[in-house]
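Chains, contacts and geometry: an overview
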Amino acid sequence: MSRVLPPALLLLAYGIAFGWAALGGGLLAFDDHPGQLYRLYHAVTVGWAPWRLNPGWWAGYAELQYYPPGAAWLGAAIHQASMGAVGVPAAYQSVLWIAWVLPGMATFALLTRLLGSGWLALPGAFIALTLSAESRSGVEEGLRWGLVAARLGWGLLPLVALSLVNWVEGGRRAPFIAAPLVAAVILLHPAHAPAAFLLVALGACFGAGGSTRRLGQAALVAALALGLCGLWLIPLLVHLGMALPLAWGEATALGLLRQLATRPLVIVLALTQLGCWLSIRSVRPIAAASRWLHAFTPAMGLVVMLDALVAAPLGILWLPADRLADSLLLALVLGAAMATRLLAE
């Protein structure tokens, strides 16, 4: 407990101090926040069903059908669970607090499990909490600009990984607990869905145990996750032509490379992870969880590259590479954080 509780409280204390300074002055009402608050009002007043038309928004647009509904549903759940005692604006403020602290606390939980010490987990968790780096899920854009859904989905990815650790390390039971977490990622923001499914697939490929059985379990978890979010996902895919693509940033391969190459922190994280991988590869048998987590970065990089070089030229813009790059940044944070054990030793 002494190796977990003090660093957890330290991380939480920083989160509360920064959050109070950033969010304690009242409801944020600039950039994308008014639209996010409107979606919460939509869920509370019109209903949770994503296909319900809202006559006050785009002349009857089914807003929650064509925009990820998870953040609005979370706020509505807070409002309704309190039986109305927490008003809609206060519920939205609660969602902002969750979006702020979730990436750091979830990363702390994952790294503590993998590294065996909260103190060793603290640096990576702090970076995940405070990362901006022009990321749509970072502090600047995910919190201040109001891209709340993107940050919430991004913050759930470490919990998806945490739900898979026992399975990756050789557990025989299928990690069914990962299915609702993957579904939640999709409902919060599908730009992070490829990373969630990739964690499951890599767990089957790099985990300990028979690969055939593990691949079947991974496929079952993925199918269950898709089924759990089918209420929103199936109608969306049927009427995808009525949705607005996410392609509004710089998603070309050259543009993404330029952005990554000009971010010193990203370069440091990449070099740290590379050094960590070379060190453990040369001196010791590599644990299944380490192989899995280190494979996440190159695999996610390949997904981003294929999106930029293949999907975008074909006009497939629904999950642009600049949004998928957020998950690549998280993979770099997690991979580099594994070096803290080597430094401690």
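Residues numbered from 1 in each chain as written. Predicted model: local features only at pLDDT ≥ 70, side-chain atom pairs only at ≥ 80, totals over all residues. Heavy atoms only, no water.

Thoughts on the overall build of the protein chain
Inclusion rule: Counting from the N terminus, the helices are DSSP H or I runs at least four residues long and the strands are E runs at least two residues long. Our radius of gyration looks at C-alpha atoms and nothing else; its globule reference is 2.2 Å times the residue count to the power 0.38. With a 1.4 Å probe rolled over the protein chains alone, any residue whose accessible area is under 20% of its type maximum counts as buried; one over 50% counts as exposed, and the rest are partly exposed. In what follows, residue pairs with any heavy atoms lying within 4.5 Å of each other are defined as contacts. Each accessible area is a Shrake-Rupley result for a 1.4 Å probe, and residues are judged covered by the shown protein chains and nothing else. His is not counted, nor are the chain ends, whereas Lys and Arg count as positive and Asp and Glu as negative. Note that the charge is assigned to NZ on lysines, CZ on arginines, CG on aspartates and CD on glutamates.
Helix and strand content of the protein chain: 17 helices and 0 strands. Against the globule reference of 20 Å for 345 residues, the protein chain gives a C-alpha radius of gyration of 20 Å, in line with a compact fold. C-alpha extents for the protein chain along the principal axes are approximately 65 × 45 × 40 Å. Burial statistics for the protein chain: of 345 residues in total, 51% are counted as buried. A fraction of 74% describes how many contacts in the protein chain between residues 6 or more apart in sequence connect residues 24 or more apart. Total accessible area on the protein chain is roughly 15,000 Å²; 72% of this is exposed by carbon and sulfur atoms. When the 18 basic and 12 acidic side-chain charges of the protein chain are each reduced to a single mean position, those positions are 14 Å apart.

Notes on the nonpolar core
We apply this condition: To qualify as a nonpolar core, a set must consist of buried Ala, Val, Leu, Ile, Met, Phe, Trp, Tyr and Cys residues joined through side-chain atoms within 4.5 Å.
Among the nonpolar cores identified, the biggest contains 105 residues, and Leu-152, Leu-164, Trp-292, Phe-296 and Met-300 are the most heavily contacted of them. Counting residues per element, this core draws most heavily on helix 5 (residues 88-115), which supplies 14 residues.

Quick notes on the packing of helix 2 (residues 33-46) against helix 5
Worth spelling out the cut-off: Axes, fitted as lines to C-alpha atoms, cover a helix only where it is in contact. Angles between the N-to-C directions of the axes lie from 0 to 180 degrees. Orientation categories follow fixed angle ranges, with anything under 35 degrees roughly parallel, anything over 145 roughly antiparallel, 65 to 115 roughly perpendicular, and all other angles oblique. Crossing handedness is defined as follows: a turn of the near helix away from the far one that is anticlockwise and smaller than a right angle gives a left-handed crossing, while the clockwise case is right-handed. Under the convention adopted here, Pro, Cys and the residues Ala, Val, Leu, Ile, Met, Phe, Trp and Tyr are nonpolar, Asp, Glu, Lys and Arg are charged, and Gly plus all remaining residues are polar.
Interhelical geometry of helix 2 versus helix 5 gives an angle of 120° and a closest axis separation of 10 Å. As judged from the angle between their axes, helix 2 and helix 5 are oblique. Helix 2 and helix 5 meet at a crossing whose hand is right-handed. Where helix 2 abuts helix 5, its residues His-33, Gln-36, Leu-37, Leu-40, Tyr-41 and Val-44 lie against Val-88, Pro-89, Ala-91, Tyr-92 and Leu-96. Considered class by class, the residues forming the contact of helix 2 with helix 5 number 9 nonpolar, 2 polar and no charged.

Quick notes on helix 9 (residues 178-188)
With respect to burial, helix 9 is a largely interior element, 9 of its 11 residues being buried. The complete set of buried residues in helix 9 reads Ala-178, Ala-179, Leu-181, Val-182, Ala-183, Val-185, Ile-186, Leu-187 and Leu-188. On its buried face, helix 9 is in contact with helix 4 (70-81), helix 8 (148-168), helix 10 (193-206), helix 11 (211-228) and helix 12 (230-238).

Comments concerning the environment of Gly-315
Within the secondary structure layout, Gly-315 lies in the loop between helix 15 (288-311) and helix 16 (321-337). Separated by 311 residues in sequence, Gly-315 and Val-4 have C-alpha atoms that sit 48 Å apart.

Regarding the pattern of salt bridges
What counts here: Whenever a carboxyl oxygen of Asp or Glu lies within 4 Å of a side-chain nitrogen of Lys or Arg, that contact is scored as a salt bridge.
Under the counting rule described, the total for this entry stands at 5 salt bridges. Close ionic contact of Arg-136 with Asp-322 constitutes a salt bridge, the shortest N to O distance being 3.4 Å. Of this pair, Arg-136 sits in the loop between helix 6 (118-130) and helix 7 (139-144) while Asp-322 sits in helix 16; the two residues are 186 residues apart in sequence, bridging distant segments of the chain. For the pair shown, Arg-136 and Asp-322 are each scored as buried. Here the salt bridges do not stand alone but share partners, grouping Arg-136, Glu-141 and Asp-322 into one network.

Quick notes on the environment of Trp-145
Tracing the backbone shows Trp-145 in the loop between helix 7 and helix 8. Along the chain, Trp-145 and Phe-18 lie 127 residues apart, while their C-alpha atoms are 16 Å from each other.

Re the confidence of the model for the protein chain
To be explicit about the condition: pLDDT measures the predictor's confidence residue by residue and takes values from 0 up to 100.
Of the residues in the protein chain, 95% reach a pLDDT of 70 or more, and the chain-wide mean stands at 89. Ranking the elements of the protein chain by mean pLDDT puts helix 13 (residues 253-261) last with 70 and helix 9 first with 97.

Examining unusual backbone geometry
If you check the backbone angles, Asp-31 has positive phi at about 50° while not being a glycine. Tracing the backbone through its elements, the reader meets Asp-31 in the loop between helix 1 (5-23) and helix 2. The backbone of Met-83 sits at a positive phi, close to 55°, despite the residue not being glycine. Position of Met-83 among the secondary structure elements: in the loop between helix 4 and helix 5.

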